Amino acid sequence: MIKKLLIANRGEIALRIVRACKQLGIQTVGVYSTADSNLMHLRFVDEAICIGEPSPVHSYLNVERILTAADVSGADAIHPGYGFLSENAEFAERVEEAGLTFVGPAAEHIRLMGDKISAINAMKKAGVPTVPGSAGGVTLANAEEQARTIGFPLLIKAAAGGGGRGMRVVERVEHLLPQLQAAKQEAELWFGDDSVYMERYLKDPRHVEVQVLGDGQGNAIHLYDRDCSLQRRHQKVLEEAPAPDIPEDVKAPILAACVRACEQMGYRGAGTFEFLYENGEFFFIEMNTRVQVEHPVTEQVTGIDIVVEQLKIASGYGLSYHQDEIFVRGHAIECRINAENPRTFLPCPGTVQHFFAPNGCGARFDSHLYPNYTIPTFYDSLVGKLICHGQTRQQALAKLRHALDELIITGVTTNVALHRDVILQDTAFCEQAQNIHYLENVLLKNNSA
Ligand code: ADP
């Protein structure tokens, strides 16, 4: 088993990883930037090391400083969490070259899936259905021909894209080349890689994803599915498990295809296959080679601790479960709690005054907040995840409504009211799962009312 783990992350996920380590008797090393010395998880780690200035390139994205921290603390493994260096193949390589265990997949699989064009090609080969789109990258020279085959509207996407950035919908052929040029510039700016590809722009799909675990030896299991269709600017706001109202016989072949793809690759660790689901069909869009923000909903319905499993797999213990031991019990829903302005959705850092976390009766609040904690300006606005588990979707929704009433965060502006007063009061959403455009349409209506 890993003896001493360096957590190369911050915020709620760093605390989440500490909790998993405590269960397994693994010692922990926390790293932090000079803006982050007050992080909650640093109170529980065995050692805390300051790795640099607030700007992520000087701290949480700085490979040299993180490796030096691992060296001086004697850590034998690194967990990258999500974001930051979690999907950086070179970082995974550098960790292993330093003789440490990377809690994640092999660098070659991070690289394969990090380039969405190669990911889509790999999935096609493994028999996973993909969105009809360009065969590989798109250039100014071949764009029109490719677009004619795909049809309009289509979506230009950055091969190295992430976080919902770098996507452009093109409605008509005369907009194609200017949009393509702009998309390439954007992709170069954000991701340092101007490769783009095109997909059919599905009209009203849902975002449905499959959680997998692989042992790196050709064995893999799935932990069923999640629906993450409530989004704003292609960013998830609320997630649930299982994905509602999809017939078992439609889900089963997709779950099996994801497992098969992992087995063929020899995939190691936790991963998520993301799909769009429309008119009874699944279309693969990308794979995330890390633990996802929304992993708790899967944990609540399967009873499996995904971070513990990541640590066991990285330690060489293989998979703790056979597929036939994994069941979905009830329904779980997660609200992402962001410190953000409810109108502009821009991050709203500040100092927390009063704080109360809901608990009991199936409520779980994964968060690093506490009274007098000052949220720094340099990082993500996610400050917590409220998850409720019930026997049915209706029960989970009812519990969430109450849990949101109990949740107290004063001193900083958050999106709690969006969840409590808008989403969880929305009749159509509460009756059945909606598509990826639904939340933005609801918000538009509310703003114009
Ligand atoms: P990122 O890695 O930036 O998150 P994804 O490929 O995962 O990008 O897509 C993010 C979101 O964008 C999806 O959840 C969906 O809402 C929307 N999207 C992506 N591809 C398509 C498509 N072909 N048609 C319609 N919407 C799409």
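Everything quoted here is computed from the prediction, not taken from an experiment.

Enquirer: How should the UniProt feature "domain: ATP-grasp" (unreviewed entry) in the protein be read in this particular structure?
Expert: Those residues carrying the UniProt feature "domain: ATP-grasp" (unreviewed entry) are residues 120-315 in this numbering. Along residues 120-315, the helical share is 35% and the strand share 32%, with 30 Å between the first and last C-alpha atoms.

Enquirer: I tried to follow the layout of surface pockets on my own but got confused; where do I start?
Expert: Sizing a probe to match a water molecule and rolling it over the atoms shows the empty space that remains. What the second largest pocket holds in volume is close to 280 Å³. Along the walls of the second largest pocket sit 13 residues, with Pro 342, Arg 343, Leu 418, Val 422 and Leu 443 positioned nearest its centre. Elements with a minimum of two residues in the lining of the second largest pocket: helix H12 (416-422) and helix H14 (438-448). With four residues, the top contributor of residues to the lining of the second largest pocket is H12. Residues belonging to the lining of the second largest pocket are distributed by class as follows: seven nonpolar, five polar and one charged.

Enquirer: I tried to follow the domain arrangement of the protein on my own but got confused; where do I start?
Expert: For interface size, the figure often reported is the accessible area lost on association. The domain architecture assigned to the protein consists of domain 1 (4-86), domain 2 (132-200) and domain 3 (206-447). Put simply, the middle of domain 1 and the middle of domain 3, counted by C-alpha atoms, are 23 Å apart. Of the roughly 2200 Å² buried between domain 1 and domain 3, counting both surfaces, carbon and sulfur atoms make up 62%. When residues of domain 1 are sorted by the area they lose upon contact with domain 3, Glu 12, Arg 16 and Tyr 82 head the list and together hold 27% of the total. Applying the counting criterion to the domain 1 and domain 3 interface returns three salt bridges.

Enquirer: How should the site of the ligand be read in this particular structure?
Expert: Around the ligand, the structure places 22 residues, and the nearest of them are Lys 116, Gly 164, His 207, Gln 231 and Glu 286. Gly 164 places a main-chain nitrogen or oxygen 2.6 Å from an oxygen atom of the ligand. Take His 234: an N or O atom from its side chain is 3.1 Å from an oxygen atom of the ligand. Summarising the interface, the protein chains cover 96% of the accessible area of the ligand, which totals 560 Å² for the free molecule. Counting only elements with at least two residues in the shell around the ligand, the list comes to strand E6 (154-158), strand E8 (196-200), strand E12 (268-278) and strand E13 (281-288). A class-by-class count of the residues in the shell around the ligand yields eight nonpolar, seven polar and seven charged. Counting residues domain by domain, the shell around the ligand receives three or more from each of domain 2 (132-200) and domain 3 (206-447).

Enquirer: Explain the packing of aromatic side chains here, please?
Expert: Given two aromatic rings, their pairing is described by the distance between the two centres and the angle made by the two planes. Applying the stated rule across the entire model yields 12 aromatic pairs. Summarising the aromatic geometry, the rings of Phe 275 and Phe 284 are spaced 6.0 Å apart at their centres and angled 80° between planes, so their arrangement reads as edge-to-face. Taken individually, Phe 275 and Phe 284 each receive the classification buried, so the pair is uniform in this respect. With a centroid separation of 6.2 Å and 35° between ring planes, the pair formed by Phe 355 and Phe 365 is classed as tilted. With a gap of 10 residues between them, Phe 355 in strand E15 (residues 355-356) and Phe 365 in strand E16 (residues 363-367) connect regions that are remote in the sequence. Cation over ring: Arg 43 sits above Tyr 370, and NZ or CZ is 4.4 Å from the ring centre.

What counts, and where the lines are drawn
Along each chain, numbering runs from 1 in the same order as the chain's sequence is written. In keeping with the predicted nature of the model, local features appear solely for residues at pLDDT of at least 70, side-chain atom pairs appear and are counted solely at 80 or more, and the whole-chain, interface and lining totals rest on all residues. Side-chain numbers here rest on the full set of heavy atoms in the structure, without hydrogens or water. UniProt positions are given in the numbering used here, feature names are shortened, and annotations may be inferred rather than shown by experiment. Elements are defined by DSSP. Helices are runs of H or I of four residues or more, strands are runs of E of two residues or more, and each kind is numbered from the N terminus. Here a cavity denotes grid points, spaced 1 Å and computed from the protein atoms alone, that fit a 1.4 Å probe unable to get out, and a pocket denotes an open set having protein on both sides within 12 Å along at least 5 of 7 lines; residues with an atom within 4 Å of a point are the lining. Grid points are joined across faces, edges and corners, and a volume is the space filled by probe spheres set on the points. Throughout this entry, Asp, Glu, Lys and Arg are counted as charged residues, while Ala, Val, Leu, Ile, Met, Phe, Trp, Tyr, Cys and Pro are counted as nonpolar. The remaining residues, Gly among them, count as polar. In this document the domain limits rely on a domain assignment from an automatic tool or a database. Each of two parts loses accessible area, computed with a 1.4 Å probe, when they are put together; buried area is these two losses added. Think of a salt bridge as a Lys or Arg side-chain nitrogen and an Asp or Glu carboxyl oxygen that are within 4 Å of each other. Proximity is defined per residue: any heavy atom of the residue falling within 4 Å of a molecule or strand makes that residue near it. Two N or O atoms count as a polar contact when they lie within 3.5 Å, although within protein this holds only if one can serve as hydrogen donor and the other as acceptor, and sequence-adjacent residues are included solely when both atoms are side-chain atoms. Throughout, the Shrake-Rupley method with a 1.4 Å probe supplies accessible areas, and for residues the shown protein chains are the sole cover considered. By convention, a stacked pair of Phe, Tyr or Trp rings (six-membered ring in the case of Trp) has centres within 6.5 Å and planes under 30 degrees apart, an edge-to-face pair has planes over 60 apart, and any other such pair is tilted. When a residue's accessible area, from a 1.4 Å probe over protein chains only, is under 20% of the maximum for its type it is buried; when over 50% it is exposed; and in between it is partly exposed. Whether a charge lies above a ring is judged from NZ of Lys or CZ of Arg, which has to be within 6 Å of the ring centre and within 35 degrees of the ring normal.

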